[in-house]
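Here's the letter readout for the chains.
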Amino acid sequence: MPLYEYTCSKCSHEFEALVFNGERVECPQCKAERVERRLSLPARPKTESSPLPLACDPKAPPCGPGCCRLP
Ligand SMILES: [Zn+2]
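Before going into details, it helps to say that this report is about the structure given with it. Please read all numbers here as calculations on a predicted model, not as lab measurements.

## Points about the pairing of strand S2 (residues 14-18)
Every second residue of S2 is oriented toward a common face, the buried set being Phe-15 and Ala-17 and the non-buried set Glu-14, Glu-16 and Leu-18. Here strand S1 (residues 3-8) runs beside S2; their pairing, made up of five bridges, is antiparallel. Each bridged residue has a counterpart across the sheet, and for Thr-7 the counterpart in S2 is Glu-14. Hairpin connection between S1 and S2: a loop of five residues separates the two successive antiparallel strands, and Ser-12 in this loop has a positive phi of roughly 65°.

## Considering the packing of aromatic side chains
The geometry of an aromatic ring pair is captured by two quantities: the separation of the ring centres and the angle between the planes. Here the structure, examined in full by the defined rule, presents two aromatic pairs. Centre to centre, the rings of Tyr-4 and Tyr-6 are 6.2 Å apart; their planes meet at 85°, and the pair counts as edge-to-face. The buried category is assigned to Tyr-4, whose relative accessible area is 6%. Judged by relative accessible area, Tyr-6 falls into the buried class, the value being 5%. Relative to Phe-15, the ring of Tyr-6 lies with its centre 5.8 Å away and its plane at 20°, an arrangement referred to as stacked. Within the aromatic cluster, the residues linked to one another by ring pairs are Tyr-4, Tyr-6 and Phe-15. Here Arg-37 stacks its cationic end above the ring of Tyr-4, 3.7 Å away from the centre of that ring.

About the thresholds
Residues numbered from 1 in each chain as written. Predicted model: local features only at pLDDT ≥ 70, side-chain atom pairs only at ≥ 80, totals over all residues. Heavy atoms only, no water. Buried < 20%, exposed > 50% of the residue type's maximum accessible area, 1.4 Å probe, protein only. Helix = DSSP H or I, 4+ residues; strand = E, 2+ residues; numbered from the N terminus. Pairing = 2+ DSSP bridges. Phe/Tyr/Trp six-rings, centres within 6.5 Å; stacked < 30°, edge-to-face > 60°. Lys NZ or Arg CZ within 6 Å of the ring centre and 35° of its normal.

Listed below in structure tokens is the structure:
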């Protein structure tokens, strides 16, 4: 149940939303579905050979937005 931060492309409203698989996100203010996901965590490693972030325990659920194990 990942929690993402979004910015509405229409009214620039910033909000957080829990997103389930395939579920659309709409702006709670203007109901627009044109929203952009904000990446608030450090970018994932650019190369596959880089070690995983320390916070990303392969035995635990995905650590959150930007987790290397999320699509
Ligand atoms: Zn909006």
